[in-house]
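Residue-level structural notes
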Amino acid sequence: MKGYNKETIRNVALLGHGGSGKTTFLDAALLATGVISRLGKVEDGTTVSDYDKTEIEKGYSINTTIVPVEFNKVKINFLDTPGFFDFAGEVQGALRAAEAAAILVDASSGVQVGTEKAWLACKKNNAPRFFIINKIDKDNVNVDQVVADLQAKFGTSVVTLDDRDAVSEAIAEVDEELMEIYFDAGEFTDEQFNAGLSKGIQQGDICPVFTCSALTGEGVKEVLQKIIDVVPKADVDENGRPVAFVFKTLADAFLGKISLAKVVSGKLTPGMSLYNHTTEKDEKLGSMFFLRGKTQGECPTAVAGDIVALGKLQFTKTGDTLSEKNNEVVLDPIAFPQPTLYQAIVPVDKGADDKLSSGFQKLMEEDPSLVLQRNKETRQTLIGGQGEIQLAIALSKLKDKYGVAVNVVPQKIAYRETIKGTSDVQGKHKKQTGGSGQYGDVHIRFSPSEQEFEFSEELFGGSVPKQYVPAVEKGLLECMEKGPLAGCKVQNVKAVLYDGSYHPVDSNENAFKTAASLAFKKGIVEAKPCLLEPIMKLNILVPDEYVGSVMGDLPTRRGVVMGMDPQIGGGQLLHAEAPQAELFDYAIALRSMTQARGSFTMEFDRYQEVPAANAQKIIEAHKAEEADA
Ligand SMILES: Nc1nc2c(ncn2[C@@H]2O[C@H](COP(=O)(O)OP(=O)(O)O)[C@@H](O)[C@H]2O)c(=O)[nH]1
Ligand SMILES: [Mg+2]
């Protein structure tokens, strides 16, 4: 795989609904070009692209894989992405490395949710795109109908090349020069046609449709030739200073960390010293190779426009740019989707907390759309991602690769406690039998506050000597960590120390601290305490036909719809609020309510009082837990 340059390299990301045949298409392309001698089967784990142990077990792709195909002196670097929506993060990375995306469509299924999602991902990333209708060998396939459906769904940029007049007209629209040629001559030469089509694809004005069967091989070479002819080339400077963008990180069982990089300027050679301006570290390129599935190929240089694997980079992660120290180039990082589903986990082996976090860090290097959080208030470890499949695979890898087995446990909510009324109480700590005594006595008024915690003193006459006041405040602050209702953090409380008494020998800081905590417990309980729960703000994107069921579901989650914005191109953006306690499974529920067409983001908005009936249950559960412990 040597001797290619930007004119003879194409980078194409394969997208599309799971099962449309992306992985099989790559085997078909390798078979058609003589690299392999028989077509692999995804189900048997014999394809070039799905080589990972988990992929073979599951029978579908979960990682982006690079499969270069050499045909007619051109190298096409295909990036095979997983079709499952949980792995949307993989698609983001692949689109950053490719000049265009091929969206595969199963001819027997037509437009599917994954087809729409792929289109939207391309649109969002301004990625030039084309369709490959695959599986045309199947019975009862109507390709014309599929094309008509694609056009109905995605608009007039979608054209088949059989309809030569329509394509020529579309090309004429690409720019004025082409328009003039078409007007004067009435047709294009092959060269003008391809160049015009390529420009049309590049600008997003034309989205051609090709057809093939990965299974029988029919049309596969033709698709490869079309990609060579019309897919845009990388617009890069091969003689510029070296710059590379890391779009994916793999943790290989034998080779360790592998960074997949797109060379965006100049040339890379093994041993070269580069600089990571994000982490501000020197990075020496050690081993450098081409990948085809899991197979490595020799790579003495990698030129701008090509994709290369870099072994064991020390300070570089997905989304980082490598350049020279005196040539600061930092390309935009990859926009990974925010987690929508969280799960609480505990290691089976109680002492494995450190191993868990170091193992999960490695998984996050491979998949930056995963997150690991420690909730200090609930003392739970949470993992987050896009869906159940992604999280389940992460946990099975954690066990297989890093030896940490975990259990998924019910998630706890970080409830808070506060007061709605006022109180005026005495806290007295007195222990004066035998040995040295203890004496502290405080009078404190409690009331609601805008701030987390407010403390002041209005003492006079030395009822409590000044040196003990900080101990009183400290005692109260410690109590704020664990409220009297359900052991939650307390907030928005004002305390005024206004009276008390002391003993010349037995009073000390500790005694006043204890007195303050006695006052706190009494004071909170007498000041109309209540539980607060986190309320989340939701933005839910729903196609029109599902708006009714999504709106109808929200009240069952104690949710409220705040507003609705119609979206250009169809669908509604619902603005809603709901308690976090009702949203643990929302990613799963929304997917099933909308056949995976809906999506949402959520963020913490505020704390709000828990309705009395719910509060009672939470308090009882807490009491039961305390009794158990
Ligand atoms: N009949 C037929 N089956 C195909 C074709 N291409 C792929 N398949 C089958 O469709 C299934 C899903 O293929 P796969 O390559 O894993 O799809 P991916 O999820 O898009 O990567 C597998 O059982 C393939 O054997 C084709 O052209 N014709
Ligand atoms: Mg696949």
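Residues numbered from 1 in each chain as written. Chains lettered and ligands numbered in written order. Predicted model: local features only at pLDDT ≥ 70, side-chain atom pairs only at ≥ 80, totals over all residues. Heavy atoms only, no water.

**Focus on the coordination of the magnesium ion (ligand 2)**
Protein coordination at the magnesium ion (ligand 2) comes from Thr23 (OG1) and Ser61 (OG), with a distance range of 2.1 to 2.2 Å. With a gap of 38 residues between them, threonine 23 in helix H1 (residues 22–32) and serine 61 in the loop between helix H2 (53–58) and strand E2 (65–71) connect regions that are remote in the sequence. Of the two residues, threonine 23 and serine 61, both sit in the buried class. (Donors = N, O, S within 2.8 Å, 3.2 Å for Na, K, Ca; no water. Helix = DSSP H or I, 4+ residues; strand = E, 2+ residues; numbered from the N terminus. Buried < 20%, exposed > 50% of the residue type's maximum accessible area, 1.4 Å probe, protein only.)

**Topic: the environment of lysine 355**
Within the secondary structure layout, lysine 355 lies in helix H10 (residues 353–366). With 47 residues separating them along the chain, lysine 355 and tyrosine 402 place their C-alpha atoms 7.8 Å apart. Look past the residues within four positions of lysine 355 in its chain and what remains in contact with it is Tyr402, Gly403 and Val404. (Contact = heavy atoms within 4.5 Å.)

**What about the sheet that holds strand E7 (residues 207–211)?**
Spatially, E2-E3-E1-E4-E5-E7-E6 is the arrangement adopted by the 7 strands of the open sheet, whose pairing is mixed. Edge strands, defined here as strands with exactly one partner in the open sheet, are E2 and strand E6 (158–160). Adjacent strand axes in the sheet meet at a mean angle of 30° when their direction is disregarded. Here strand E4 (residues 100–106) pairs with strand E5 (residues 129–134) via 6 bridges, running parallel. (Pairing = 2+ DSSP bridges. Axes fitted to C-alpha atoms, helices over the stretch in contact; angles between N-to-C directions.)

**Things to note about the packing of helix H6 (residues 164–172) against helix H8 (residues 190–203)**
When two helices pack together, their arrangement is given by the angle between their axes and by how far apart the axes lie. Axis separation between H6 and H8 bottoms out at 9 Å; the angle between their running directions is 65°. The hand of the H6/H8 crossing is left-handed. Of H8, the residues touching H6 (which contributes Arg164, Val167, Ser168 and Ile171) are Phe193, Gly196 and Leu197. Within the contact of H6 with H8, the residues separate by chemical class into 4 nonpolar, 2 polar and 1 charged. (Left-handed = near helix turned anticlockwise from the far one by under 90°. Nonpolar A, V, L, I, M, F, W, Y, C, P; charged D, E, K, R; others polar.)

**Notes on the domain arrangement of the protein**
Assigned domains of the protein: these are domain 1 (6–230), domain 2 (243–323), domain 3 (341–409), domain 4 (417–527) and domain 5 (532–613). Spacing between the C-alpha centres of domain 4 and domain 5 amounts to 43 Å. (Domains from an automatic or database assignment.)

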